[in-house]
Amino acid sequence: MLEEVKPVNLVQIEAARARLEGLGLFAPLVACDAAPPGKTVRLKLENLQTIGSFKIRPIGNAVLCRPRTDLCAGIYTTSSGNSALAVAWMARRLGIAATAIVPANAPEAKLEKLRRLGARIDMRSNDEWWNAIETGVLEDQRGVYIDAVRDPASLAGDATIGVEILSQWPDIEAILVPFGGGGLACGIACAVRALRPDVKIIACELSSAHPLKAAFEAGAPIQTAHEPGFVSGVGYGSVLPEMWRLAHSMIDEVITVSLAQVAEAIKFLVEHHRVVAEGAGALSVAAALSGEYAGTKVCAVVSGGNLDSPQLAAVLQGRVPA
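Rules used in this analysis
- Residues numbered from 1 in each chain as written.
- Predicted model: local features only at pLDDT ≥ 70, side-chain atom pairs only at ≥ 80, totals over all residues.
- Heavy atoms only, no water.
- Salt bridge = Lys/Arg side-chain N within 4 Å of Asp/Glu carboxyl O.
- Helix = DSSP H or I, 4+ residues; strand = E, 2+ residues; numbered from the N terminus.
- Buried < 20%, exposed > 50% of the residue type's maximum accessible area, 1.4 Å probe, protein only.
- 1 Å grid on protein atoms, 1.4 Å probe; cavity = no way out; pocket = protein on both sides within 12 Å on 5 of 7 lines; lining within 4 Å.
- Points joined across faces, edges and corners; volume = space filled by probe spheres on them.
- Nonpolar A, V, L, I, M, F, W, Y, C, P; charged D, E, K, R; others polar.
- Polar contact = N/O pair within 3.5 Å; in protein donor to acceptor, adjacent residues only side chain to side chain.
- Contact = heavy atoms within 4.5 Å.
- Phe/Tyr/Trp six-rings, centres within 6.5 Å; stacked < 30°, edge-to-face > 60°.
- Lys NZ or Arg CZ within 6 Å of the ring centre and 35° of its normal.
- Pairing = 2+ DSSP bridges.
- Right-handed = clockwise from strand over helix to strand, strands pointing away.
- Core = buried A, V, L, I, M, F, W, Y, C linked by side-chain atoms within 4.5 Å.
- Axes fitted to C-alpha atoms, helices over the stretch in contact; angles between N-to-C directions.
- Parallel < 35°, antiparallel > 145°, perpendicular 65-115°, else oblique.
- Left-handed = near helix turned anticlockwise from the far one by under 90°.

### Points about the pattern of salt bridges
Move 1: Across all of its chains, the model carries 18 salt bridges by this definition.
Move 2: With its nearest N and O atoms 3.0 Å apart, the salt bridge here joins Arg-245 to Glu-4. With a gap of 241 residues between them, Arg-245 in helix H9 (residues 241-250) and Glu-4 in the segment before helix H1 (10-20) connect regions that are remote in the sequence.
Move 3: By relative accessible area, which is 25% here, Glu-4 ends up partly exposed.
Move 4: Measuring nitrogen to oxygen at the nearest pair gives 2.4 Å for the salt bridge that ties Glu-242 to Arg-150. Separated by 92 residues along the polypeptide, Glu-242 in helix H9 and Arg-150 in the loop between strand S6 (144-145) and helix H6 (152-168) bring together distant segments of the chain.

Written as structure tokens, this is what we have:
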């Protein structure tokens, strides 16, 4: 097992904010048109970032923390899409090579973006890809490995979202966050616990793929059946063991929603806000609109917007994509 991930502090988070100045967008926080009765829901639109995802924050900070001399041989990551896009974007910005190790079911929309950014795509079987994530071992790669979840610099990059949300909405009660590898939820939680410990952090998962909920119920990470359907980047077989203690201590509650609810949330965002969210990005919106969380002032983090066109078309026709 890799080293247990520790919380990042405000010094690290503020350093990340300074480092990312001009690289990422101070994403808007907009009112949601269809909040359940008695609730105010606002949307943190990280899908509007340069690469269509919040990942520019953790990856950007992790790359910029490295001495430039270390990066000459290039950078690479294991990712189903958005982390790889951020690595490719940073590599092009710095004039270095990028490699994306992706699973066999990686969304075509993200693969096409990787090609346009000039990244080398290394496709592996889903099991081999997940094993590389769990172990952090890819001996056949050259360059610097960029970990979007477990690197303290990545966690600090994620945490900048929490700082922004608190500055945009001082009397917020809860932040709903999609849970995949855990970096986004735990990073935001690090900032919130330091600045506003009364604000709840609610992780959002699929009812058909919920490793964090299962871990909370079991008291430790366990292997779970997982059928994430069209939603990529979340719903892995297990919580990463080195993320477990941090997630367990930082996250207050886990809410699960169905694939149908996610599809409906994507459709709602397009029709009411002219915003395109990918499946994982709409998880928090689906959870917020479900009314399952009891709080009244809720922020839903829309983490990404890289959705395949056929999937978007299916959703707008009222169907759940295959």
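What follows continues from the structure just given.
### Focus: the layout of surface pockets
Move 1: Considering only enclosed or pocket space, the largest pocket measures out at about 470 Å³ in volume.
Move 2: Along the walls of the largest pocket sit 24 residues, with Asn-105, Asn-126, His-226, Pro-228 and Tyr-236 positioned nearest its centre.
Move 3: A total of 4 residues in the lining of the largest pocket trace back to one element, the largest contributor, which is helix H5 (residues 126-135).
Move 4: Each residue belonging to the lining of the largest pocket can be placed in one class, and the counts come to 11 nonpolar, 11 polar and 2 charged.

### Quick word on the side chain of Ser-284
Move 1: Tracing the chain through its elements places Ser-284 in helix H11 (residues 279-290).
Move 2: Relative accessible area serves as the criterion here: at 0%, Ser-284 is assigned to the buried category.
Move 3: Of note is the side chain of Ser-284, whose polar atom sits 2.6 Å from the backbone oxygen of Val-301.

### Quick word on the environment of Val-87
Move 1: Within the secondary structure, Val-87 sits in helix H3 (residues 82-94).
Move 2: Along the primary structure Val-87 and Gly-52 are separated by 35 residues, whereas in three dimensions their C-alpha atoms are 13 Å apart.
Move 3: Aside from chain neighbours lying at most four places away, what touches Val-87 is Ile-59, Ile-75, Tyr-76, Thr-77, Ala-98 and Ile-146.

### Here's the deal with the packing of aromatic side chains
Move 1: Summed over all chains, the structure comprises 5 aromatic pairs.
Move 2: Taken together through their ring pairs, the aromatic side chains of Trp-129, Trp-130 and Tyr-236 make up a single cluster.
Move 3: Lying over the aromatic face of Trp-169, Arg-42 brings its terminal NZ or CZ to 4.2 Å of the ring centre.
Move 4: A cation over a ring is seen here: Lys-44 above Phe-26, with NZ or CZ 5.0 Å from the ring centre.

### Structural notes on the pairing of strand S8 (residues 200-206)
Move 1: Most of S8 sits inside the fold, with 6 of its 7 residues counted as buried.
Move 2: Of the pairings in the sheet, the one linking strand S7 (residues 174-178) to S8 comprises 5 bridges and is parallel in character. Paired with Ile-175 across the bridge in S8 is Ile-201.
Move 3: In this fold, S7 hands off to helix H7 (residues 183-195), which returns the chain to S8; that crossover is right-handed.
Move 4: Taken together, the 5 bridges between S8 and strand S9 (residues 253-257) define a ladder with parallel strand orientation. By the bridge assignment, Ile-202 is partnered in S9 with Glu-253.

### So, empty space enclosed by the protein
Move 1: Across all of its chains, the model carries 3 cavities of 30 Å³ or more by this definition.
Move 2: Volume-wise, the largest cavity comes out at about 460 Å³.
Move 3: For the largest cavity, the lining is made up of 35 residues, of which Lys-55, Ser-83, Gly-181, Gly-233 and Tyr-236 are closest to its centre.
Move 4: Contributing elements (two or more residues each) for the lining of the largest cavity: strand S3 (75-78), H3, H5 and H7.
Move 5: The residue inventory of the lining of the largest cavity, partitioned by class, reads 16 nonpolar, 14 polar and 5 charged.
Move 6: Here the second largest cavity defines a volume of roughly 50 Å³.
Move 7: Contributing to the lining of the second largest cavity are Pro-107, Lys-110, Phe-230, Val-231, Ser-232, Glu-278, Gly-279, Ala-280, Asn-306, Leu-307, Asp-308 and Gln-311.

### Brief notes about the nonpolar core
Move 1: If you look at the biggest cluster of nonpolar residues, it comprises 52 residues, and the most contacted ones within it are Ile-172, Ile-175, Phe-179, Ile-188, Leu-212 and Ile-251.
Move 2: For this core, the element with the highest residue contribution is H7, accounting for 8 residues.
Move 3: Look past the residues within four positions of Phe-179 in its chain and what remains in contact with it is Ala-185, Ala-203, Cys-204, Glu-205, Leu-212, Val-234, Gly-235, Val-239, Ala-247 and Ile-251.

### Describing the side chain of Thr-78
Move 1: Among the structural elements, Thr-78 can be located in strand S3.
Move 2: According to the relative accessible area criterion, Thr-78 is buried, its value standing at 9%.
Move 3: Apart from the residues within four sequence positions on either side, Thr-78 is in contact with Ile-101, Trp-129, Ala-132, Ile-133, Leu-138 and Tyr-145.

### Quick word on the packing of helix H2 (residues 56-64) against H3
Move 1: For the pair H2 and H3, the least separation of the axes is 9 Å and the interaxial angle reads 45°. In this view, H2 runs oblique relative to H3, as classed from their interaxial angle. Our pair here, H2 against H3, has a crossing hand that is right-handed. Each of Ile-56, Ile-59, Gly-60, Val-63 and Leu-64 in H2 lies in contact with H3, whose residues at this interface are Ser-83, Ala-86, Val-87, Trp-89, Met-90 and Leu-94.

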